[in-house]
Amino acid sequence: MIDFYSQRKLWGTHRIYKETLKFDEIVREVFEESKKSEGVNHPMAVFAYGSPGRYELTGGDSDADILIAEPFKNQESDRLKKVLKKRWGAFDFSKVDVPPWSTYEDIETFLRTSLVEGNQVLETRFICGDESVRKEIESKKKEYDSPHRELVNIIFNRLYFDQYFKQRVRNGAKNIKYCNGGTRDFLVFYWYDRLCRKVDGEETSLSGLKQPKIKEGLERLMMEGVINGEQFGRAIYAVNGLIELRTDSLIANRGTEERGLSVLDDRLIEKLQKDFQYPTKERVIEFFEYVTRSIDEVVKISLERTLDIGSTFYGNKWKERIKSAYSTKTPQEERLRIPDIDAPTRIALLWGASNSGDLEGFQKLSKRYTNTTDWGTIASIACSPLCSSKILNEIGTGIAKENGYGYILRIVGRNNNTKKETLKQIAEDSTLDKRYTEVAKTALEHGSQRANNLI
């Protein structure tokens, strides 16, 4: 197969590990110096989450995902957090993402309620700061993580990713990160590994990690016999190649309106040819399709294995029930008879009805779950193109504004059925953090396509 990168000294998983080590050093030095110079004695700890939390920081122009944790807020800590964000922002990151929530109470709320922000906490890796804070956060992670949560998370996010990736296609060009088999799909292997560790009673902390989590997850799949050596080799080759392609793309787009994006269109390929001597467009696309297909193959295998594991908790018929629930071939009458006795099944039912275009079935299910407070169920309803503007308004102006549900506002903001009045109520709400209002603002000003392609 085509290999653009055989001459590089650092590439793929080794490269992202080295990039993460540099990230850690920057974060640690800035924190320790700033805390000292500002004379702050308040107990605080700094964690990496997202790709740097998993030792998977892509070089070139990546986000710095940093969580600051503390027992409670005060003026002293608020002052320091502003200083830290400004100083970290002086380094070569596309943006510094520090969640506005930091207290034990806030962190516990997101762990208990949200799949997205809850995952951000579960993915944290301690970098520096107060040891007592580190212990408290690790304790809360153990309290709220469980095989059940992992199964809900994997099933919701697989269905969500499949839809979201389609929304990130721009004028026929795929996004290197947000596509089936793209770099966002690396998370599936991490989640599978985390599920297995919870089932087996193994340590799930990332603190002792010595290699990217993507590699560790693939190694587990091979050691368990879920994939063979040939499949493992193709997947590692594909991971390495995709990391290099995304790194080069971020560098090529630095300083342009495409900064932080990696849509593999003609314009980006021309930049790659100019800056990195890439070959013809046809060869680049051929390579991209090969590596994403290789990763997607193993993603599907790991999901089958995930359903097998779920059956050990929910019963022998559970895997069959889940598959029937989300299959687009299941007739409405049969789907509505499936026992929705657990959260993964409820989520699968909603997605199955939505993806099959069964408006009546989707409406019946949505009505059935009207009073739910389950994050995954509410988010599944809000994702659907069959969801009415009325329900989107109820979600977007109601429970999604409550602490722990904020990410659902981003989902509401991306849905084409959301009316301008709802978008305005989200966008103009001064009590909400920017991360929860920016999609609605973009949809109002530039339309849904731009809103779906925010970084």
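A quick note: this is a predicted structure, and the numbers were derived from the prediction, not measured.

1. A few points about the packing of helix α19 (residues 407-414) against helix α21 (residues 434-446)
Then step 1. Closest axis-to-axis distance for the α19/α21 pair is 7 Å, and the angle between their directions is 10 degrees. Viewed along their axes, α19 and α21 adopt a mutual orientation that is roughly parallel. For the pair α19 and α21, contact is made by Tyr407, Leu409, Arg410, Gly413 and Arg414 and by Arg435, Tyr436, Glu438, Val439 and Ala443, respectively.

2. Observations regarding the side chain of Asn175
Then step 1. Structurally, the position occupied by Asn175 is in the loop between α7 (147-167) and α8 (186-200).
Then step 2. Of note is the side chain of Asn175, whose polar atom sits 2.9 Å from the backbone nitrogen of Lys177.
Then step 3. For Asn175, the residues in contact, after removing those within four places along its chain, are Arg168, Ser262, Val263 and Phe288.

3. Quick word on the layout of surface pockets
Then step 1. Its volume calculated, the second largest pocket comes out at about 550 Å³.
Then step 2. Those elements giving two or more residues to the lining of the second largest pocket turn out to be α7, α12 (281-314), α13 (318-326) and α15 (343-355).

4. Quick word on a positive patch on the surface
Then step 1. On the surface, a cluster of positive charge is made up of Lys85, Lys95, Lys434 and Lys441.
Then step 2. One can find Lys95 in the loop between α3 (75-88) and β3 (96-97).

5. Section: the sheet that holds strand β1 (residues 45-48)
Then step 1. The mixed open sheet is built from 4 strands, whose spatial order is β3-β2-β1-β4. Each end of this open sheet is capped by a strand with a single partner; those strands are β3 and β4 (125-129).
Then step 2. Bridge count between β1 and strand β2 (residues 64-69): 4 bridges; the pairing is antiparallel. Note on β2: the bridge partner recorded for Val46 is Ile68.

6. Examining the pattern of salt bridges
Then step 1. Taken as a whole and judged by the stated rule, the model has 47 salt bridges.
Then step 2. A salt bridge links Glu70 to Lys81; the shortest N-O distance between them is 2.6 Å. Within this pair, whereas Glu70 is found in the loop between β2 and α3, its partner Lys81 is found in helix α3, the two being separated by 11 residues in sequence. Both residues of the pair, Glu70 and Lys81, count as buried.
Then step 3. Note that Arg234 and Glu230 form a salt bridge whose closest N and O atoms lie 3.1 Å from each other. Of the two residues, Arg234 and Glu230 both sit in helix α10 (residues 229-253), 4 residues apart, roughly one turn of that helix.
Then step 4. According to the relative accessible area criterion, Arg234 is partly exposed, its value standing at 24%.

7. A short note on the packing of aromatic side chains
Given two aromatic rings, one states the distance between the centres and the angle between the planes to describe the pair.
Then step 1. A complete count under the given rule lists 17 aromatic pairs for this structure.
Then step 2. Here the aromatic rings of Phe23 and Phe93 are separated by 5.9 Å at their centres, their planes lie at 75 degrees, and the arrangement is edge-to-face. Of this pair, Phe23 sits in helix α1 (residues 13-37) while Phe93 sits in the loop between α3 and β3; the two residues are 70 residues apart in sequence, bridging distant segments of the chain. Neither residue differs from the other here; Phe23 and Phe93 are each classed as buried.
Then step 3. Between Trp101 and Phe110 the ring centres are 4.3 Å apart and the planes differ by 35 degrees, which places this aromatic pair in the tilted class. No difference in accessibility class separates Trp101 from Phe110, as the two residues are buried.

8. Some details on the nonpolar core
Then step 1. Ranked by internal contacts, the top residues of the largest apolar core, which has 118 residues, are Tyr160, Leu218, Leu245, Leu264, Trp375 and Ile408.
Then step 2. Apart from the residues lying within four places of it in its own chain, the contact partners of Ile408 are Trp375, Ile378, Ala379, Ala382, Ile395 and Ala400.
Then step 3. Grouped together as the second largest cluster of nonpolar side chains are 20 residues, Val30, Ile66, Leu80 and Val96 included.

Reading the values: the criteria
- Residues numbered from 1 in each chain as written.
- Predicted model: local features only at pLDDT ≥ 70, side-chain atom pairs only at ≥ 80, totals over all residues.
- Heavy atoms only, no water.
- Axes fitted to C-alpha atoms, helices over the stretch in contact; angles between N-to-C directions.
- Helix = DSSP H or I, 4+ residues; strand = E, 2+ residues; numbered from the N terminus.
- Parallel < 35°, antiparallel > 145°, perpendicular 65-115°, else oblique.
- Contact = heavy atoms within 4.5 Å.
- Polar contact = N/O pair within 3.5 Å; in protein donor to acceptor, adjacent residues only side chain to side chain.
- 1 Å grid on protein atoms, 1.4 Å probe; cavity = no way out; pocket = protein on both sides within 12 Å on 5 of 7 lines; lining within 4 Å.
- Points joined across faces, edges and corners; volume = space filled by probe spheres on them.
- Patch = residues over 30% accessible without salt bridge, like charges linked within 9 Å, V, L, I, M, F, W, Y side chains within 5 Å.
- Areas by Shrake-Rupley, 256 points an atom, 1.4 Å probe, with all protein chains shown as cover.
- Salt bridge = Lys/Arg side-chain N within 4 Å of Asp/Glu carboxyl O.
- Lys, Arg positive; Asp, Glu negative; His and termini not counted.
- Charge placed at Lys NZ, Arg CZ, Asp CG, Glu CD.
- Pairing = 2+ DSSP bridges.
- Buried < 20%, exposed > 50% of the residue type's maximum accessible area, 1.4 Å probe, protein only.
- Phe/Tyr/Trp six-rings, centres within 6.5 Å; stacked < 30°, edge-to-face > 60°.
- Core = buried A, V, L, I, M, F, W, Y, C linked by side-chain atoms within 4.5 Å.

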